[in-house]
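# Examining the three-dimensional arrangement
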Amino acid sequence: MKTVLVYSGGLDSTVLLYHLLSEGDEVLALTFDYGQRHRREVNSAAYICCLDRGVEWKLADITSLRPLLSKGAQTDHSLPVPEGHYSEEGMKATVSPARNLIMLSIATGVAVAQGYNRVAYAAHAGDHAIYPDCRPGFVEAMGYVMAEGTYEEIDLWAPFTWKAKADIVKLGVELAVPFHLTWSCYAGRDLPCGRCGTCVERLEAFDLTHTTDPLTYEDREFWRTAVEAKK
Ligand SMILES: [Zn+2]
């Protein structure tokens, strides 16, 4: 298969990248700069794609849309990044309006233009609570739209839709994913904060798989408190 991967440089999409490569796919990794606070994930994406795995990396710069789409803690830098468990109601502050809908639409156009036959993204079960455009109903509907909306009947592939984050970490360990090069934190400082939703979710997932996240965190223990508070 020839696959355009919506690629953030984070843990989930990097595991999906390595999964696609292990299946023999030809991969174009498409990273979006949408003015996110945690822009350093873009650097992670670029770096990982330079690791001589035969991945073509492209950057889609959509920063000019930020003034129109600025809503939520990822793109409105005046808002604080909420701390706590990923599935909490307060994490809705991290929703960027229709982000995956927009990215998948652009990725579909890129697939057609560059001669690829499917688009993949790494939505997973833990995203369902907060992000509508990661849910199974969205994946099914979007897949239909992408196939109907292109002569090439571009496929949408989201193999992690029903996987928990811990299952993705486990798969990543099997595939020797360079977790130390990935970036997940929403806070966008020099070190991952360990307190935002995505840091908490990531540290919890590593713990559940009895492996250690190789990243150095500002606060490596807060996630336990957040997970307890959620129970
Ligand atoms: Zn963080």
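Right, let's walk through the structure included here.

What counts, and at which threshold
Residues numbered from 1 in each chain as written. Predicted model: local features only at pLDDT ≥ 70, side-chain atom pairs only at ≥ 80, totals over all residues. Heavy atoms only, no water. Helix = DSSP H or I, 4+ residues; strand = E, 2+ residues; numbered from the N terminus. Rg over C-alpha atoms; globule rule 2.2 N^0.38 Å. Core = buried A, V, L, I, M, F, W, Y, C linked by side-chain atoms within 4.5 Å. Buried < 20%, exposed > 50% of the residue type's maximum accessible area, 1.4 Å probe, protein only. Contact = heavy atoms within 4.5 Å. 1 Å grid on protein atoms, 1.4 Å probe; cavity = no way out; pocket = protein on both sides within 12 Å on 5 of 7 lines; lining within 4 Å. Points joined across faces, edges and corners; volume = space filled by probe spheres on them. Nonpolar A, V, L, I, M, F, W, Y, C, P; charged D, E, K, R; others polar.

## Re the overall build of the chain
Of the regular secondary structure elements, the chain holds 8 helices and 5 strands. Listing the helices and strands of the chain from first to last along the sequence gives β-α-β-α-β-α-α-β-α-β-α-α-α. Against the 2.2 N^0.38 benchmark of 17 Å for 231 residues, the chain shows a C-alpha radius of gyration of 17 Å, consistent with a compact globule. On the principal axes, the C-alpha backbone points of the chain span a range of 50 × 40 × 30 Å.

## Looking at the nonpolar core
Counting 44 residues, the largest nonpolar core has V4, V119 and Y121 as the members making the most contacts within it. Of all elements in the fold, only β1 (2-6), β2 (26-33), α4 (99-114), α5 (136-148), α7 (197-208) and α8 (222-230) reach the threshold of two or more residues within this core.

## Considering helix α2 (residues 40-49)
Burial analysis of α2 places 7 of its 10 residues in the buried class, the great majority of the element. Among the residues of α2, those classed as buried are E41, V42, S44, A45, A46, I48 and C49. For α2, the secondary structure elements touched by its buried residues are α1 (11-22), β2 and β3 (56-61).

## What to know about the layout of surface pockets
Over the atoms rolls a probe the size of a water molecule, and its path tells where empty space is left. Reported here for the largest pocket is a volume of approximately 170 Å³. Counting only elements with at least two residues in the lining of the largest pocket, the list comes to α6 (165-174) and α7. When grouped by side-chain class, the residues that make up the lining of the largest pocket number 7 nonpolar, 4 polar and 3 charged.

## Re α6
Among the residues of α6, K165, A166, I168, V169, L171 and G172 are the ones counted as buried. Once α6 ends, the next one or two residues include A176, with phi positive near 55 degrees.

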